[in-house]
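Residues per chain, in single letters:
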Amino acid sequence: MSEFRPTLRPALGSRQAVASADFRLSPLPEGTIIHVLARPGQEDIVPFLGRFTDAAPHALRPVSPDQWFIISDAPIPHQEMKSLFAALEPRATGVDQSHGRVRIRFEGKMAHRALSKGTALDLDPSAFPIGQSAVTLVGHIAAHVTRVGAETFEIIVLRGFAESLWDDLARMGLEFG
């Protein structure tokens, strides 16, 4: 009997970047997304969790009270993932979301205006500065939005909604070229 081996297909594998002079929509590598849930009452948890990132800017993103995403462009091998989860204990627990969530980059001088068409977030840099994250709806789809640059957002969405969100974001940007 042969061993079953699933074929992993990138959620946005057939999508090419959508670009104009004012915005760019592009899929990001399906690397690693770890959802971390801290035990209640943990002090100084953010510096502790920062030790588990690859030191890239915004690799640790708040999700909700006592919850964060650890993000990496590169996949983490199974044994390293097990070691990371063991190192989090007893202060926190990690859940690998790498195959269940997809990251999309939306950037350019009109990206905030285009994205504002689909979300209730105030994306003005004074209200949503670089490094800020929020869980919100983009249209009817739940998403985690992070401003990673002055004109750059990363959006994390459940894998099953990635293509639909991609299409919505592309339509939101049509006005800008």
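Look up a bit, the structure's there.
One structure accompanies this document, and this report is about it. Owing to the predicted nature of the structure, the values given are computational and were not obtained by experimental measurement. (Residues numbered from 1 in each chain as written. Predicted model: local features only at pLDDT ≥ 70, side-chain atom pairs only at ≥ 80, totals over all residues. Heavy atoms only, no water.)

A word on the packing of aromatic side chains
Each pair of aromatic rings is reported with the distance of its centres and the angle of its planes. With the rule as written, the count across this model stands at 3 aromatic pairs. Geometry around F48 places R91 over its ring, the cationic atom sitting 4.6 Å from the centre. (Phe/Tyr/Trp six-rings, centres within 6.5 Å; stacked < 30°, edge-to-face > 60°. Lys NZ or Arg CZ within 6 Å of the ring centre and 35° of its normal.)

Considerations on the sheet that holds strand 4 (residues 60–64)
Judged by pairing direction, the sheet is antiparallel, and its 4 strands sit side by side in the order 4-5-3-6 without closing on themselves. A strand with exactly one partner marks an edge of an open sheet, and here the two such strands are strand 4 and strand 6 (92–96). Across the sheet, the axes of successive neighbouring strands diverge by a mean angle of 30°, strand direction being ignored. In the sheet, strand 3 (residues 32–38) pairs with strand 5 (residues 67–72) via 6 bridges, with the strands oriented antiparallel. Along strand 5, the bridge assignment pairs V36 with W68. Against the sheet, helix 2 (residues 78–88) contacts strand 3 and strand 6, and its axis sits at roughly 155° relative to strand 6. (Pairing = 2+ DSSP bridges. Helix = DSSP H or I, 4+ residues; strand = E, 2+ residues; numbered from the N terminus. Axes fitted to C-alpha atoms, helices over the stretch in contact; angles between N-to-C directions. Contact = heavy atoms within 4.5 Å.)

Some words on the nonpolar core
The tendency in soluble globular proteins is for nonpolar side chains to be buried as a group. In this structure, F106, L115 and L169 are the most contacted members of the largest nonpolar core, which totals 28 residues. Among the secondary structure elements, those contributing two or more residues to this core are strand 7 (101–107), helix 3 (111–116), strand 8 (133–138), strand 9 (141–149), strand 10 (152–158) and helix 4 (162–172). For this core, the leading source of residues is helix 4, giving 6 residues. Not counting chain neighbours up to four residues away, the residues in contact with L169 comprise L25, I104, F106, L115, V138 and I155. (Core = buried A, V, L, I, M, F, W, Y, C linked by side-chain atoms within 4.5 Å. Buried < 20%, exposed > 50% of the residue type's maximum accessible area, 1.4 Å probe, protein only.)

Description of unusual backbone geometry
Here the residue pair E89 and P90 is connected by a cis peptide bond, since its omega of 0° sits within 30 degrees of zero. Inspection of the secondary structure assignment puts P90 in the loop between helix 2 and strand 6. With a phi close to 55°, D44 is a non-glycine residue in the positive phi region. One non-glycine residue, H58, adopts positive backbone phi at about 65°. One can find H58 in the loop between helix 1 (45–50) and strand 4. Classification of H58 by relative accessible area gives partly exposed; the value is 24%.

Thoughts on the layout of surface pockets
It is the rolling of a water-molecule-sized probe over the atoms that shows where space remains empty. Considering only enclosed or pocket space, the second largest pocket measures out at about 180 Å³ in volume. Taken together, 14 residues make up the lining of the second largest pocket; nearest its centre are A56, P57, R61, R103 and E154. Those elements that place two or more of their residues in the lining of the second largest pocket are strand 5 and strand 7. The residue inventory of the lining of the second largest pocket, partitioned by class, reads 6 nonpolar, 2 polar and 6 charged. (1 Å grid on protein atoms, 1.4 Å probe; cavity = no way out; pocket = protein on both sides within 12 Å on 5 of 7 lines; lining within 4 Å. Points joined across faces, edges and corners; volume = space filled by probe spheres on them. Nonpolar A, V, L, I, M, F, W, Y, C, P; charged D, E, K, R; others polar.)

Section: empty space enclosed by the protein
Enumeration according to the criterion identifies 1 cavity of 30 Å³ or more in this entry. For the largest cavity, the calculated volume is near 50 Å³. Of all the secondary structure elements, the ones that give two or more residues to the lining of the largest cavity are strand 3 and strand 7. Residue classes in the lining of the largest cavity are distributed as 4 nonpolar, 3 polar and 3 charged.

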